[in-house]
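Coordinates in review
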Amino acid sequence: MAQWNPRLIYADVTGFGEKGPIPNCGFDITSYWARSGLLSMTRDAGAPPTWPVAGSGDNATAVGLYSAIVTALYRRERSGKGAYVTTSLLAEGVWSASVSIQAAMCEAKFFARTIGRTRECGIERIPASDGTWFVLLVTPDKLASVVKAIGRPDLLTDPRFSDPAKLVEHMSALAEILDDLFGSKPMAHWREVFDGVHVTFGAVRGPEEVINDPN
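Computed from a predicted structure; not experimentally measured.

Regarding the nonpolar core
Among the nonpolar cores identified, the biggest contains 22 residues, and F134, L136, L174, F182, W190 and F194 are the most heavily contacted of them. Listing elements by their share of this core, those giving two or more residues are β4 (133-137), α5 (143-149), α7 (171-182) and α8 (187-195). The dominant element in this core, judged by the number of residues it contributes, is α7, at five residues. Aside from chain neighbours lying at most four places away, what touches F134 is E124, R125, I126, A128, F182, M187, W190, F194, G202, A203 and V204. Counting residues in each nonpolar core, the second largest holds six residues, with Y32, L38, L39 and A97 among its members.

Digging into the environment of P207
By the element assignment, P207 lies in helix α9 (residues 207-210). It is 32 Å that separates the C-alpha atoms of P207 and T86, two residues lying 121 residues apart in sequence.

What to know about the side chain of T87
By the element assignment, T87 lies in strand β2 (residues 83-88). Residue T87 is classed as buried on the basis of its relative accessible area of 13%. T87 has contacts with D12, V13, T14, T61, L65 and E92, leaving out every residue within four places of it along the chain.

Quick look at helix α2 (residues 56-79)
With 24 residues, α2 extends 35 Å from end C-alpha to end C-alpha; this agrees with the ideal 34 Å at 1.5 Å per step. What α2 keeps buried is the set G57, T61, G64, L65, A68 and A72. Tucked inside the fold, the buried residues of α2 contact β1 (9-14), α1 (28-34), β2 and α3 (89-96).

A look at the pairing of strand β3 (residues 123-127)
A one-sided burial pattern is seen for β3, the buried positions being E124 and I126 and the unburied ones I123, R125 and P127. The pairing of β3 with β4 spans five bridges and is classified as antiparallel. The partner of P127 across the bridge, within β4, is W133.

Looking at unusual backbone geometry
If you check the backbone angles, E107 has positive phi at about 60 degrees while not being a glycine. As for its position among the elements, E107 is in the loop between α4 (98-105) and β3. On the basis of relative accessible area, E107 is assigned to the exposed category, the value being 71%.

Brief notes about the sheet that holds β3
Across the sheet, which stays open at both edges, the three strands sit in the order β3-β4-β5 with antiparallel pairing between neighbours. With one partner strand each, in any of the chains shown, β3 and β5 (201-203) form the two edges of the open sheet. For this sheet, the mean angle separating the axes of adjacent strands, direction not counted, is 20 degrees. For β4 and β5, the ladder comprises three bridges, and the chain directions are antiparallel. Bridging across to β5, F134 finds its partner in A203. Lying on the sheet, α7 is in contact with β3 and β4; it crosses β3 at an angle near 30 degrees. Against the sheet, α8 engages β4 and β5, with an angle of about 155 degrees to β5.

With respect to α8
Of the positions making up α8, those classed as buried are M187, W190, V193 and F194. Burial along α8 is one-sided: seen end-on, the buried residues are contained in an arc of 120 degrees. Every exposed residue of α8 that faces more than 90 degrees away from the buried side is listed here: E192 and D195. The elements touched by buried residues of α8 are β4, α5, α7 and β5.

Parameters at a glance
Residues numbered from 1 in each chain as written. Predicted model: local features only at pLDDT ≥ 70, side-chain atom pairs only at ≥ 80, totals over all residues. Heavy atoms only, no water. Core = buried A, V, L, I, M, F, W, Y, C linked by side-chain atoms within 4.5 Å. Buried < 20%, exposed > 50% of the residue type's maximum accessible area, 1.4 Å probe, protein only. Helix = DSSP H or I, 4+ residues; strand = E, 2+ residues; numbered from the N terminus. Contact = heavy atoms within 4.5 Å. Expected span 1.5 Å × (residues − 1). Pairing = 2+ DSSP bridges. Axes fitted to C-alpha atoms, helices over the stretch in contact; angles between N-to-C directions. Arc of directions from axis to C-beta.

Without other data, these values stay purely geometric and don't point to any function.
Laid out in structure tokens, this is it:
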């Protein structure tokens, strides 16, 4: 078509890209999630990968293709020339996993997977007494603020948590202490506690709650 209309912008999307031995067919779960490496990272040690939200990779890929189209439009405004732009579910999945993919390219050593709710980077998934789960960052720079807010400043003198290296090593032990404490009060209590200090946390909400979020 470009021979008749050199300003034409043609956009195409595939499952695995236009090159390579893989046929150009794929789904969100196989191309974007599984083959890109993303799905391998959504699990605890010994557990199967957690199924992602349906269509989330499709949505991300659509935004990627939109970006390519807008860039082509800008190029046409400057040069008068059209363009052929393309992306794939796999390409967008790799982009979404790029922090880990780039690390792998540099031969990085990855943390071993953990069992349970504790992550090596200090992100906790914790249930309050009313069954509400929330995410809390307990990285070394946040530890003092967290333990003071919950009334446990004594944890700062515990040799297991006294420096960043030891804290990472004993994160599971800290998680057990926090589990008992956080499980004793409802989410409303912890929201009030953490709203007054510089602590990063957030309740895990369902779609029916999100639609009523004031933000």
